[in-house]
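# Results of the structural survey
Each chain is listed here by its residues.
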Number of protein chains: 2
Amino acid sequence: MRSPLRDDIRRQLLDGLITGRWAPGERIVERRVAADLGVSQAPVREALRELESLRLIESSPNKGARVRPVTRADLREVYQVRAGLEETAARLGAPAVEALEAHTASLEAAAATGSLSGQVSAGIAFHREIVAASGNALLLSVWDGLGLEVWTHLSIRVFRAELHENAADHQPLVDAFRTGDPQAPGLLRDHILSYAP
Amino acid sequence: MRSPLRDDIRRQLLDGLITGRWAPGERIVERRVAADLGVSQAPVREALRELESLRLIESSPNKGARVRPVTRADLREVYQVRAGLEETAARLGAPAVEALEAHTASLEAAAATGSLSGQVSAGIAFHREIVAASGNALLLSVWDGLGLEVWTHLSIRVFRAELHENAADHQPLVDAFRTGDPQAPGLLRDHILSYAP
DNA sequence: AAACACCGGATGATCGATCATTGGGTGTTA
DNA sequence: TAACACCCAATGATCGATCATCCGGTGTTT
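Residues numbered from 1 in each chain as written. Chains lettered and ligands numbered in written order. Predicted model: local features only at pLDDT ≥ 70, side-chain atom pairs only at ≥ 80, totals over all residues. Heavy atoms only, no water.

### Considering the sheet that holds strand 3 (residues 64-67) of chain A
All names here are of chain A. One open sheet accounts for 3 strands, arranged 1-3-2; its pairing is antiparallel. The sheet is open, and its two edges are formed by strand 1 (27-28) and strand 2 (57-60), each paired on a single side. In the sheet, strand 2 pairs with strand 3 via 4 bridges, with the strands oriented antiparallel. Looking at the pairing, Ser59 lines up with Ala65 of strand 3. (Pairing = 2+ DSSP bridges. Helix = DSSP H or I, 4+ residues; strand = E, 2+ residues; numbered from the N terminus.)

### Points about the protein's contact with DNA strand C
Taken together, 22 residues form the shell around DNA strand C, and within it Leu5, Ser40 and Lys63 of chain A together with Arg31 and Arg45 of chain B come nearest. Near-protein atoms of DNA strand C (within 4 Å) split between backbone and bases, with sugar and phosphate holding 71%. With respect to DNA strand C, the backbone of Ser40 of chain A contributes an N or O atom lying 2.8 Å from a phosphate oxygen. At 2.4 Å, a side-chain N or O of Arg31 of chain B approaches a base oxygen of DNA strand C. Looking at the surface near DNA strand C, its residues break down into 8 nonpolar, 6 polar and 8 charged. (Near = heavy atom within 4 Å. Polar contact = N/O pair within 3.5 Å; in protein donor to acceptor, adjacent residues only side chain to side chain. Nonpolar A, V, L, I, M, F, W, Y, C, P; charged D, E, K, R; others polar.)

### With respect to the pattern of salt bridges
A complete count under the given rule lists 42 salt bridges over all chains for this structure. The partner of Arg45 of chain B in a salt bridge is Glu46 of chain A, and the shortest N-O contact between them spans 3.0 Å. Of this pair, Arg45 of chain B sits in helix 3 (residues 41-53) while Glu46 of chain A sits in helix 3 (residues 41-53), which puts the two residues in different chains. With relative accessibility at 14%, the residue Glu46 of chain A sits in the buried group. Across the salt bridge formed by Glu86 of chain B and Arg82 of chain B, the nearest N and O atoms sit 2.8 Å from each other. (Salt bridge = Lys/Arg side-chain N within 4 Å of Asp/Glu carboxyl O. Buried < 20%, exposed > 50% of the residue type's maximum accessible area, 1.4 Å probe, protein only.)

### A look at the relation of the copies chain B and chain A
It takes a turn of 180° to lay chain B on chain A, together with a shift of 0.0 Å along the axis; the resulting RMSD is 0.1 Å. What we have between these two chains is a two-fold relation. Identified as the residue of chain B closest to the rotation axis by C-alpha distance is Gly84 of chain B, at 3.2 Å. (Least-squares fit on C-alpha atoms with pLDDT ≥ 70 in both.)

### Re the interface of chain B and chain A
Taken together, the contacts link 26 residues of chain B with 26 residues of chain A. Surface buried jointly by chain B and chain A totals about 2200 Å² across both partners, of which 53% is contributed by carbon and sulfur atoms. Counting every contact that joins chain B to chain A gives 6 salt bridges. When the shortest N-O distance is used, the salt bridge between Glu87 of chain A and Arg91 of chain B registers 3.1 Å. The tally of links from chain B across to chain A stands at 14 residue pairs in polar contact (both at pLDDT 80 or more). For the side of chain B that touches chain A, the secondary structure elements donating two or more residues are helix 3, helix 4 (72-92) and helix 7 (137-145) of chain B. Considering only residue class, the side of chain B that touches chain A consists of 11 nonpolar, 6 polar and 9 charged. (Contact = heavy atoms within 4.5 Å. Buried area = accessible area lost by both parts, 1.4 Å probe.)

### Remarks on unusual backbone geometry
Positioned with a positive phi, Arg160 of chain A is a non-glycine residue whose angle comes to about 50°. Along the polypeptide, Arg160 of chain A turns up in the loop between helix 8 (148-159) and helix 9 (167-178).

Structure follows, in structure tokens:
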């Protein structure tokens, strides 16, 4: 059972965007990509649509797609929306503290080995746990749709952003959830906004 | 300059879903739709992807798409997420009161002529104005991505939901924005949640 | 009869080819 | 020369056909 080709293509394109192989503003020609990857135009189109929903590319009818230049303003928007979503999530339901602690543990482990992407994905997993615990599947899918992992990598590469995922930052949140602190949602929001550029 | 075929197809499918021509759980066969509409399979696939992102259909690899049964729980989730998004929007920036009043006016006009879809879309436009005024384009696009107009029509048809869009409900919100009331975001959230089933 | 292996049609996924639009280049006119 | 009309290559949009997978039916084994 092979996974759909379009998923591979999407990953390839994502990788190119994250690493900067595709320059901002550059045109993405469907047939060119297809030829490079040895596939046909159709799955490339579908992959591009998914990237468009992540706002990594922009396209208009009959004119094709191009790499969207990433600005600080974009990042600010992402953090604002993310903060609102997670605050909402925290109001709807509290996560299991054990799960959060597991994520902070793997965050520390990744930091210890100096794994950048390990830290990023552990940090993301911590927050995803909170959103999932809301019990609202739509909220989770909207949150997933933000593509936070990609944006985080982009912000690090493009803006030399500090890697701000560290276990200490998350401890107050864990404590707030443990004690059922009614201010947890607000804390979470501020925590996220403090990361915004 | 014709608009893309896929847009027409999406509209046709949407209409079928809203009116119930497609029954919940029913399989949506790409070639069948294509043949019915006199087009080929490709644009139908693309249209289906868009419907999937609206969570109106569900699909899995190699197994195709089927109409997603709409439950009250789905609607609750939509309202919760929507409330969170609009609260966030209201915190980020206040809309122009004149614009809001224009929307309530057209809401009243639609109510006067008994136009159901007119009332729905005026009600949606009122809220969209608020989200747009946040200045956060991502927030607006996420909000748009909820497909509220479709969900509203569905809730009315499937659950015989009351049409709760009326100008009087919106007046306190307009007043709060006019006076710069810091509680406006919270009012807005409660306003939306009060509509949830 | 239950469990299993094996067709074969239906259909999603992908392909290669064609249609249609865009944008740039070239010539023409005022 | 500026404005305009036209032509054509590049390429997005769409098509018809093929490949690959799923699923139900059928026969076989134990």
